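Report on the structure
Residues per chain, in single letters:
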Amino acid sequence: MRYILLALVCFSFQFSNAQPDSLYLKEKPKKYDGPQWVKKNKASIDLSEVAFVNWNAGGVNSISGLIGLQSSRNYSDKYFSWRNNLVMRYGVNKQQSRELRKTDDLLEINSNMGYKPDVMSNWYYSARLNFRTQFANGYKYPNTDDPISRFMAPGYLFFGGGMEYGKRIDKLSVYFSPLTLKATFVLDEDLANAGAFGVDPAEFDDEGNVVIPGERLRRELGILVTNSYEMEVAENINMQHQVSLYTDYINNFGNVDLDWRLDFDFKVNNYVRARFGSHIRYDDDVKTTKETDVEGEFDEAGAKIQWKQFLGVGFAVDF
């Protein structure tokens, strides 16, 4: 809960210390040039490496790599805004005498459409779609025999409508949807039978045979609030903040799922950059386990805060 409160504090800070009218004083108002499509693509590679030769303090040789691709197609005119983006990332780490391990894995698609009836208004009637999954199997290392996640296991789909505020909607957005469908896909038989990611598990007979297979789709309907904010905090240092809060009407209403990303890009030149990122998640449907006194058996330990942090130096190319 403290992470959710921290996200709300960050959300409030934007409006108490940087009102929308004063966020972009460095930029002159742009003249309207008619309907526009803006297309952007960025490919990136981040690397880190450490090697030791006769190093008396000890250490393990390792190398890590992360490749990413971002693509956006955005349309705007006096009344409509339609923003689409695709994000793909995959990262691995190799340490001496240890198997190759995955460090990042994401496939995400976003599409947001907004309409404002008044050209002077900053409020949009909005519809939003978000889909995300992963490319490769995930494991609880060092066990690489039993995947804990796969492509479309899980897969998440959010779709709903509501109101969105955005003075410059590509830089600052606040979105509220009272009706958002959340669909969780678990298209792997073993994970579905185990009831992973909140789907209903399979029913077994006394001999362990499946009587009723596990569900592969979980549907929820609830409230979604999101906020995204992008700014230049200093010369050549950009910050991107994204937070989403979701609660389901039927299952544990008031129990909020959190997804909060905070990224800093440090530009060295047109090609070289450094990046620091933090990603916090909490989903009540994603349960953890703990070992029991019986070897090979585990008990459910409930949902816990998930946190991922990244720091890397690499190359980025816009095309």
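Here, the structure is the one placed above.
Structure report, in brief. (Residues numbered from 1 in each chain as written. Predicted model: local features only at pLDDT ≥ 70, side-chain atom pairs only at ≥ 80, totals over all residues. Heavy atoms only, no water.)

1. Here we look at the packing of aromatic side chains
Taken as a whole, this structure holds 8 aromatic pairs when the rule is applied. Ring centres of Phe158 and Tyr246 lie 5.6 Å apart, and the angle between their planes is 80°; on these two criteria the pair is classed as edge-to-face. One end of the pair, Phe158, is in strand E6 (residues 155-165); the other, Tyr246, is in strand E11 (residues 237-248), and 88 residues separate them in sequence. Given a relative accessible area of 13%, Phe158 falls into the buried group. A ring pair is formed by Tyr249 and Phe253, whose centres lie 5.8 Å apart and whose planes are at 10°; its orientation type is stacked. The partly exposed category is assigned to Tyr249, whose relative accessible area is 36%. An aromatic cluster is built from Trp37, Tyr75 and Trp82, whose rings are joined through pairwise contacts. The ring of Tyr175 carries Arg128 above its face, with NZ or CZ at 4.2 Å from the centroid. (Phe/Tyr/Trp six-rings, centres within 6.5 Å; stacked < 30°, edge-to-face > 60°. Helix = DSSP H or I, 4+ residues; strand = E, 2+ residues; numbered from the N terminus. Buried < 20%, exposed > 50% of the residue type's maximum accessible area, 1.4 Å probe, protein only. Lys NZ or Arg CZ within 6 Å of the ring centre and 35° of its normal.)

2. Some points on the side chain of Arg89
When you line up the elements, Arg89 lands in strand E3 (residues 80-95). Within the structure, the side chain of Arg89 is placed 2.9 Å from the side chain of Asp104, a separation counted as a polar contact. When sequence neighbours within four positions are dropped, the list of residues in contact with Arg89 reads Leu66, Ile67, Gly68, Asp104, Asp105, Leu106, Phe135, Arg275 and Lys308. (Polar contact = N/O pair within 3.5 Å; in protein donor to acceptor, adjacent residues only side chain to side chain. Contact = heavy atoms within 4.5 Å.)

3. Points about the environment of Arg83
Tracing the chain through its elements places Arg83 in strand E3. In this structure the C-alpha to C-alpha distance between Arg83 and Trp37, which are 46 residues apart in sequence, comes to 9.7 Å. Aside from chain neighbours lying at most four places away, what touches Arg83 is Arg73, Asn74, Asn110, Ser111, Asn112, Arg128, Glu164, Ile169 and Ser173. One polar contact links Arg83 to Glu164, side chain to side chain, over a distance of 3.0 Å.

4. Re unusual backbone geometry
The amide bond that connects Tyr141 to the next residue, Pro142, takes the cis arrangement and shows omega of 10°. For Pro142, the location among the structural elements is in the loop between strand E5 (123-133) and E6. The peptide bond linking Ala153 to Pro154 adopts the cis configuration, its omega dihedral lying at 10°. Note that Pro154 resides in the loop between E5 and E6. Backbone geometry places Met152, a non-glycine residue, at a positive phi of 60°. The topology assignment puts Met152 in the loop between E5 and E6. Judged by its relative accessible area of 12%, Met152 is buried. Despite not being glycine, Phe197 has its phi angle at roughly 60°, a positive value. With respect to the helices, strands and loops of the structure, Phe197 is situated in the loop between helix H2 (189-193) and strand E8 (203-204). Judged by relative accessible area, Phe197 falls into the buried class, the value being 15%.

5. Some remarks on the sheet that holds strand E10 (residues 217-234)
In space, the 12 strands of this closed barrel follow the order E1-E2-E3-E4-E5-E6-E7-E10-E11-E12-E13-E16, with antiparallel pairing throughout. Put simply, the sheet's adjacent strands are angled 20° from each other on average, direction ignored. As defined by bridge partners, strand E7 (residues 172-185) adjoins E10 across 12 bridges and the pair is classed as antiparallel. Counted as the bridge partner of Leu181 is Leu221 from E10. (Pairing = 2+ DSSP bridges. Axes fitted to C-alpha atoms, helices over the stretch in contact; angles between N-to-C directions.)

6. A short note on the nonpolar core
Core analysis: the largest hydrophobic core is formed by 13 residues, its most contacted members being Tyr156, Val186, Leu191 and Phe197. Elements with a contribution of two residues or more to this core: E6 and H2. When sequence neighbours within four positions are dropped, the list of residues in contact with Leu191 reads Pro147, Ile148, Ser149, Arg150, Ala153, Val186 and Ala196. Counting 7 residues, the second largest nonpolar core, distinct from the first, contains Leu258, Ile280, Tyr282 and Ala303. (Core = buried A, V, L, I, M, F, W, Y, C linked by side-chain atoms within 4.5 Å.)

7. Looking at the pattern of salt bridges
Under the criterion given, the structure shown has 21 salt bridges. Among the ionic pairs, Arg261 bridges to Glu108, the shortest N-O distance being 3.1 Å. Placement of Arg261 in strand E12 (residues 257-267) and of Glu108 in strand E4 (residues 101-115) is noted, with a sequence separation of 153 residues between them. Judged by its relative accessible area of 13%, Arg261 falls in the buried class. Of the residues examined, Glu108 reaches a relative accessible area of 6% and is grouped as buried. In this structure, a network of salt bridges that share partners links the residues Lys182, Arg218, Glu220, Asp257, Asp283 and Asp285. (Salt bridge = Lys/Arg side-chain N within 4 Å of Asp/Glu carboxyl O.)

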